[in-house]
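Survey of secondary and tertiary structure
One letter stands for each residue in the lines below.
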Amino acid sequence: MLLDEYGVPVSGPLERWAQEFASALGSRGYVEASIRRALFVFAFVSHWLGARRLRPGNVTVEHVERLRRARRGDGYRRSLSKGLEFLREAGAIPGVRPTRKLTALDRLLDRYRGYLRDERGLSDGVVGWYGTVAARLLKGWERNADFRRLSADQVREFLRTEAHGFSSRQAGYIATALRSLLRFLHAKGLTLGSLVGAVPSISGWRGGSLPQAVNSGAVRKLLRSCDRRTLIGRRDHAIMLLLARLGLRAGEVARLELAALDWRAGEVVVHGKGKSLARLPLPHDVGQALSAYLTRRPRVDSRPVFLRSRAPLRSLGQTGITHVVAEASKRAGLARLSPHQLRHTLAVEMLRRGATLTQIAQVLRHRTVTTTALYAKVDRTALRKLAQPWSGGVA
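This structure is a prediction, so every number in the text was calculated from the model and none was measured. (Residues numbered from 1 in each chain as written. Predicted model: local features only at pLDDT ≥ 70, side-chain atom pairs only at ≥ 80, totals over all residues. Heavy atoms only, no water.)

**What to know about unusual backbone geometry**
In plain terms, the rule: In this text, helices come from DSSP runs of H or I with a minimum length of four residues, and strands from runs of E with a minimum of two, each type numbered from the N-terminal end. Relative accessibility decides the category of a residue: with a 1.4 Å probe and only protein chains considered, values under 20% of the type maximum give buried, values over 50% give exposed, and everything between is partly exposed.
In this structure, Pro312 follows Ala311 across a cis peptide bond, with omega equal to -5°. Within the fold, Pro312 resides in the loop between helix 12 (284–294) and helix 13 (317–331). Backbone geometry at Arg365 places phi at a positive 60°, although glycine is not the residue there. Within the fold, Arg365 resides in the loop between helix 15 (357–364) and helix 16 (369–372). With a relative accessible area of 18%, Arg365 lands in the buried category.

Printed below as a string of structure tokens:
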């Protein structure tokens with residue numbers, strides 16, 4: 001079969017899937033030249049299988065390894081991964097990657113990660129970090145996974161070892177992840193009692209430092225650094241406005257989907273922490289920026305609003321959002337900024353314009369005003385009113 005659009009002949013047992021493969025790549029944002037190169041690889045695989053009278057459903061791990069060696073032996077270096085991934089998804093060939101037998105610990109860690117995602121509603125980044133800490137603690141328990149013997153002394157020793165050399169803030173993150181795992185083990189009846197209390201508090205006051213906000217001039221420089229004549233510039237400009245005007249977290253921007261934009265009502269639905277949902281008003285400038293990007297956004301199957309700039313055009317992801325802000329900082333001649341600093345900046349600006357902590361908590365969607373109280377330290381005038389005058393005497 002000759003695919004007229006790309007000029008690539010495909011024959012053999014995979015011929016029937018060639019057109020679907022080309023269409024799948026097109027829907028993921030690959031350009032014509034990339035699709036043509038991938039089709040030549042696809043044709044090679046089909047010919048190799050046909051020459052050996054192998055049906056796709058009979059392909060094994062050993063066949064794939066021999067195929068890779070044959071490909072390299074002919075002097076080709078282009079990867080087989082796109083074609084093999086498509087064939088697996090289409091059910092044409094079985095899973096071809098060797099699988100390692102799961103241990104009791106592997107299964108427990110999978111349950112824990114599922115609990116964090118499904119019951120706690122945590123982001124993929126947090127789930128990954130908590131899972132890493134859990135795997136380190138549970139290492140060595142693979143044989144019987146009997147956590148009833150886990151003691152408070154072992155928990156404290158683990159924290160002491162893992163936190164050694166880290167700042168108090170980083171050590172606090174480890175302690176938080178450890179408490180989360182211990183709550184899970186107790187809730188599932190895997191420990192005799194709750195060991196959460198065995199995790200010591202990390203020295204250092206949570207509110208001991210001021211919020212790392214930037215001034216409004218720096219935010220304007222970030223926005224001006226985006227070349228809105230390009231698709232990427234429009235995307236980055238819209239991302240920056242969502243962070244700076246609505247105070248969204250990086251993960252919330254990454255999870256934003258097309259269906260979350262209610263243009264008629266002028267609102268956006270935000271998936272926040274702990275599976276919370278919030279409908280926020282869409283300011284005019286943010287709406288304009290989103291519209292300018294979406295009118296040129298590639299029409300692909302992916303539902304997230306913000307896509308990567310290179311194929312496959314998947315969601316930009318939380319790390320990608322962080323990278324967008326870092327690159328804009330560099331273009332603007334500023335020190336490297338993070339998405340959360342723009343959230344801090346919004347809160348500080350609201351405080352300076354007379355907003356109450358309760359109002360700021362509503363905008364930032366804090367669960368308690370206690371979290372928002374951190375920003376009171378920025379307003380020295382408000383602090384003076386809160387401070388009790390010293391009488392000069394001794395109580």
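**Considerations on the nonpolar core**
Note the following rule: For the purposes of this section, nonpolar cores are sets of buried Ala, Val, Leu, Ile, Met, Phe, Trp, Tyr and Cys residues that join through side-chain atoms within 4.5 Å. Should any heavy atoms of two residues lie within 4.5 Å, those residues are considered in contact.
Within the largest apolar cluster, 43 residues are counted, with the highest numbers of intra-cluster contacts made by Met240, Leu242, Leu290 and Phe306. Among the elements of the structure, helix 9 (216–224), helix 10 (231–245), helix 11 (250–255), strand 4 (267–271), strand 5 (277–281), helix 12 and helix 13 are those that each provide at least two residues to this core. It is helix 10 that contributes the most residues to this core, seven residues altogether. Leaving out residues up to four positions away in the same chain, Met240 has contacts with Leu222, Leu223, Cys226, Val324, Val325, Ala328 and Leu342.

**Some points on the pairing of strand 4**
Put simply, the test is: Strand pairing requires that DSSP identify at least two bridges connecting the strands.
Both strand 3 (residues 261–262) and strand 4 contribute to a ladder of two bridges, which runs antiparallel. Its bridge partner lying in strand 4, Asp262 is registered against Glu267. The antiparallel pairing of strand 3 with strand 4 creates a hairpin that spans four residues between the two strands, and Gly266 there sits at a positive phi of about 70°.

**What about the pattern of salt bridges?**
Definition in use: In the sections that follow, a salt bridge refers to a side-chain nitrogen of Lys or Arg positioned within 4 Å of a carboxyl oxygen of Asp or Glu.
Counting across every chain of the model gives 16 salt bridges. The salt bridge partner of Arg353 is Glu349, with a shortest N-O separation of 4.0 Å. Overall, Arg353 belongs to the exposed group, its relative accessible area being 72%. Within this structure, Arg249, Glu252 and Arg365 form a network of salt bridges that share partners.

**Section: the pairing of strand 5**
Successive side chains on a regular strand alternate, one facing one side of the sheet and the next facing the other. Only one face of strand 5 is buried, namely the one carrying Ala278 and Leu280, since none of Leu277, Arg279 and Pro281 on the opposite face is buried. Across five bridges, strand 4 lies against strand 5 in antiparallel orientation. By the bridge assignment, Val269 is partnered in strand 5 with Arg279.

**Here's the deal with the packing of aromatic side chains**
Defined as follows: Centres within 6.5 Å make a pair out of two Phe, Tyr or Trp rings, where for Trp the six-membered ring is used; the pair is then stacked when the planes are under 30 degrees apart, edge-to-face when over 60, and tilted otherwise. By the criterion adopted, a ring carries a charge over it if an Arg CZ or a Lys NZ lies within 6 Å of its centre and within 35 degrees of its normal.
According to the stated counting rule, one finds seven aromatic pairs in the structure shown. Between Tyr112 and Tyr115 the ring centres are 6.3 Å apart and the planes differ by 20°, which places this aromatic pair in the stacked class. Taken together, the residues Tyr112 and Tyr115, both in helix 5 (residues 104–118) and three residues apart, mark about one turn of the helix. Overall, the relative accessible area of 1% leaves Tyr112 in the buried class. Tyr115 sits in the buried class, given a relative accessible area of 13%. Considering the side-chain rings of Tyr293 and Phe306, the 5.6 Å spacing of their centres and the 25° angle between planes classify their relative orientation as stacked. Here Tyr293 is found in helix 12, whereas its partner Phe306 is found in the loop between helix 12 and helix 13, with 13 residues between them in sequence. For the residue pair Tyr293 and Phe306, the accessibility class agrees, reading buried in each case. Lying over the aromatic face of Trp17, Arg16 brings its terminal NZ or CZ to 4.3 Å of the ring centre.

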